[in-house]
Amino acid sequence: MHLLIIGAAGMIGRKLAERVAATGAIDGQTVDRMTLADVIAPDVAPDFKGQRNVVKTDLSDKGAAVRLIADRPDAIVHLAAIVSGEAETDFDKGYSVNLDGTRSLFDAIRLAEGYVPRVVYASSLAVFGAPFPDRIPDEFHLTPLTSYGAQKAMGELLLDDYSRRGFLDGIGIRFPTICIRPGKPNKAASSFFSGILREPLNGQDAVLPVGDDIRHWHASPRAAVGFLDHAAGLDTSGLGPRRNLTMPGVSATVGEQIEALRRRAGDRAVALIRREPDVTIHRIVSGWARDFDTVRARDLGFVAEQSFDEIITVYVEDELGGTLPAQP
């Protein structure tokens, strides 16, 4: 199998590439060729045993998508995106990358005669908008309240329609907020969800811009890679016309996150969290969905953590070598 990962320099793309390099497969299917594409050359998975191609490209550039699929990869994981906060502040850039880039990829596939690859599309919970029920069912309507959410919802509709027409075999993955993300904060409005845990676990100060009562839906980076791995080989015949799925996760308030941190790292870690209210971030995240009934995804074999204690354990195991650094 030839696997193309678009957005391979990002955190999830990098981790997916590393898993494929380690196992030589995706969802049990042997991968003998892997193309890694991003706006910066993805320096990941150098130990992959098969043919590894690294491509520096911007999917929104004219002709970029055609060049990426010229060798007809069997499976395409589309992770390239402008994140939520940046898409809200830079309207043109968000639509150029998140919508125009996605359509250029789908159209390049459509126009390649006889070519129908599996396409795994990274979507978001931002496709939903308030008012919400206590738990959002799979049938809940798409009414995004941000430009990023609107762009992802349009991508979902394109994926449904292009799959219905037989141009591609698509499956959309609505990721929970991924927590705890390694590395430094990004421009996503959700970045603080990871920061208030990651920084204290590393003995560093963290900023909390919202109240303890903000509730959200989370899964670990390990679970996120598992979603993509499973989607790449899933039998999509049972999806029908609804090709986009909300992934399992953990519903937790900020206060519950902090208490899980306290249980793992103690009061000194919690004391490193500094409260600095930010009206803009609060407005964005308070309009996001909080809890889901993900029966469709679970019935299809997608799995995630069951508690925030498990999510913290994943971070400690995968990013800290299983041991917390000494607290100051």
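Only a predicted model underlies this, so the values are computations on that prediction, with no experimental measurement involved. Within any chain, residue numbers begin from 1 and follow the written order of that chain's sequence. Per-residue local features of the predicted model are confined to residues with pLDDT of at least 70, and side-chain atom pairs are confined, for both listing and counting, to 80 or more; whole-chain, interface and lining totals are unaffected and use all residues. Side-chain numbers here rest on the full set of heavy atoms in the structure, without hydrogens or water.

A. Main features of the nonpolar core. Residues enter a nonpolar core if they are buried and are Ala, Val, Leu, Ile, Met, Phe, Trp, Tyr or Cys, with the set joined through side-chain atoms within 4.5 Å. We call a residue buried when its accessible area falls under 20% of the maximum for its residue type, exposed when it is over 50%, and partly exposed in between, using a 1.4 Å probe and counting protein chains only. Grouped together as the largest cluster of nonpolar side chains are 41 residues, with contacts concentrated most on Met 34, Phe 175 and Phe 302. Breaking this core down by element, the ones donating at least two residues are strand S1 (2-6), helix H1 (11-23), strand S4 (33-38), strand S6 (75-78), strand S7 (118-124), strand S8 (169-175) and helix H7 (221-233). Only DSSP runs of H or I covering at least 4 residues are called helices, and only runs of E covering at least 2 are called strands; the numbering of each starts at the N terminus. Take this core: its biggest share by element is seven residues, from H7. The contact rule is simple, with two residues in contact once any of their heavy atoms fall within 4.5 Å. In this structure Phe 175 touches Ile 12, Leu 79, Ala 122, Ser 123, Ser 124, Leu 125, Ala 224, Phe 227 and Leu 228, once residues within four positions along its chain are discounted. Listed in part, the 30 residues of the second largest apolar core include Leu 197, Ile 273, Ile 284 and Leu 320.

B. The sheet that holds strand S12 (residues 244-246), seen in detail. Strand order in this open sheet of seven strands is S5-S4-S1-S6-S7-S8-S12, and the pairing throughout is parallel. One side of each edge strand has no neighbouring strand; the edge strands of this open sheet are strand S5 (51-56) and S12. Adjacent strand axes in the sheet meet at a mean angle of 15°, parallel and antiparallel pairs treated alike. Two strands qualify as a pair provided that DSSP identifies no fewer than 2 bridges between them. Bridge count between S4 and S5: six bridges; the pairing is parallel. Axis lines are fitted through C-alpha atoms, for helices just across the contact stretch, and the angle between N-to-C directions can take any value from 0 to 180 degrees.

C. Representation of the side chain of Asn 98. Position of Asn 98 among the secondary structure elements: in helix H4 (residues 91-110). In this structure Asn 98 comes out as buried when scored by relative accessible area, which is 1%. In contact with Asn 98, other than residues within four places in its own chain, are Ala 81, Ile 82, Ala 87, Tyr 148 and Gln 151.

D. Structural context of helix H6 (residues 191-201). Most of H6 is tucked away, with eleven of its eleven residues classed as buried. Among all positions in H6, only Ser 191, Phe 192, Phe 193, Ser 194, Gly 195, Ile 196, Leu 197, Arg 198, Glu 199, Pro 200 and Leu 201 are buried. Downstream of H6 by one or two residues, Gly 203 has phi in the positive range, about 75°.

E. Broad picture of the sheet that holds strand S11 (residues 215-219). Spatially, S9-S11-S13 is the arrangement adopted by the three strands of the open sheet, whose pairing is mixed. Looking at which strands have only one partner, the edges of the open sheet turn out to be strand S9 (177-178) and strand S13 (250-253).

F. Local environment of helix H5 (residues 147-164). The end-to-end C-alpha distance of H5, which contains 18 residues, comes to 26 Å, matching closely the 26 Å that a straight helix rising 1.5 Å per residue would cover. Within H5, 14 of the 18 residues are buried, which leaves it mostly tucked inside the rest of the structure. A positive phi of about 80° marks Gly 166, the residue just after H5. By this rule the span expected of a helix is its residue count minus one, scaled by 1.5 Å.

G. Fine view of the pairing of S11. Among the five residues of S11, four are classified as buried, and the element is accordingly described as predominantly covered. In the sheet, S9 pairs with S11 via two bridges, with the strands oriented parallel. Of the residues in S11, the one forming a bridge with Ile 178 is Ala 219.

H. Region of the structure containing the packing of H1 against H7. Close contact between H1 and H7 brings their axes to 9 Å; oriented N to C, the two are set at 65°. As judged from the angle between their axes, H1 and H7 are roughly perpendicular. For the crossing formed where H1 meets H7, the hand is right-handed. In this structure, H1 uses Met 11, Ile 12, Lys 15, Leu 16 and Arg 19 to contact H7, whose residues at the interface are Pro 221, Arg 222, Ala 224, Val 225, Gly 226, Leu 228 and Asp 229. Residues belonging to the contact of H1 with H7 are distributed by class as follows: seven nonpolar, one polar and four charged. Any angle that is under 35 degrees is reported as roughly parallel, and any over 145 degrees as roughly antiparallel; angles of 65 to 115 degrees are reported as roughly perpendicular and all others as oblique. Note on convention: the crossing is left-handed when the near helix lies turned anticlockwise from the far helix by less than a right angle, right-handed when the turn is clockwise. Gly is put with the polar residues, along with every residue not named as nonpolar or charged; the nonpolar set is Ala, Val, Leu, Ile, Met, Phe, Trp, Tyr, Cys and Pro, and the charged set is Asp, Glu, Lys and Arg.

I. Just the pattern of salt bridges, in detail. The rule for a salt bridge is simple: a side-chain nitrogen of Lys or Arg has to be within 4 Å of a carboxyl oxygen of Asp or Glu. Taken as a whole and judged by the stated rule, the model has 21 salt bridges. The shortest N-O distance in the salt bridge between Glu 156 and Arg 174 comes to 2.8 Å. You can see Glu 156 sitting in helix H5 and its partner Arg 174 sitting in strand S8, a full 18 residues away along the chain. Side by side, Glu 156 and Arg 174 carry an identical accessibility label, which is buried. Its salt-bridge partner being Arg 262, residue Asp 267 comes within 2.8 Å of it at the nearest N-O pair. With relative accessibility at 29%, the residue Arg 262 sits in the partly exposed group.

J. Spotlight on the packing of aromatic side chains. Pairs were defined over the aromatic rings of Phe, Tyr and Trp, the Trp ring being its six-membered one, requiring ring centres within 6.5 Å. Orientation was assigned from the angle between planes: stacked under 30 degrees, edge-to-face over 60, tilted for the rest. Enumeration over the complete set of coordinates arrives at eleven aromatic pairs. Taken together, a centroid distance of 4.7 Å and an interplanar angle of 40° make the contact between Phe 91 and Tyr 95 tilted. Note that Phe 91 and Tyr 95 are positioned in helix H4 at a spacing of four residues, about one turn of the helix. Of the residues examined, Phe 91 reaches a relative accessible area of 48% and is grouped as partly exposed. A ring pair is formed by Phe 106 and Tyr 162, whose centres lie 5.7 Å apart and whose planes are at 50°; its orientation type is tilted. Of the two residues, Phe 106 is situated in helix H4 and Tyr 162 in helix H5; the sequence distance between them amounts to 56 residues.

Take it as geometry only, folks, not as evidence of what the structure does.
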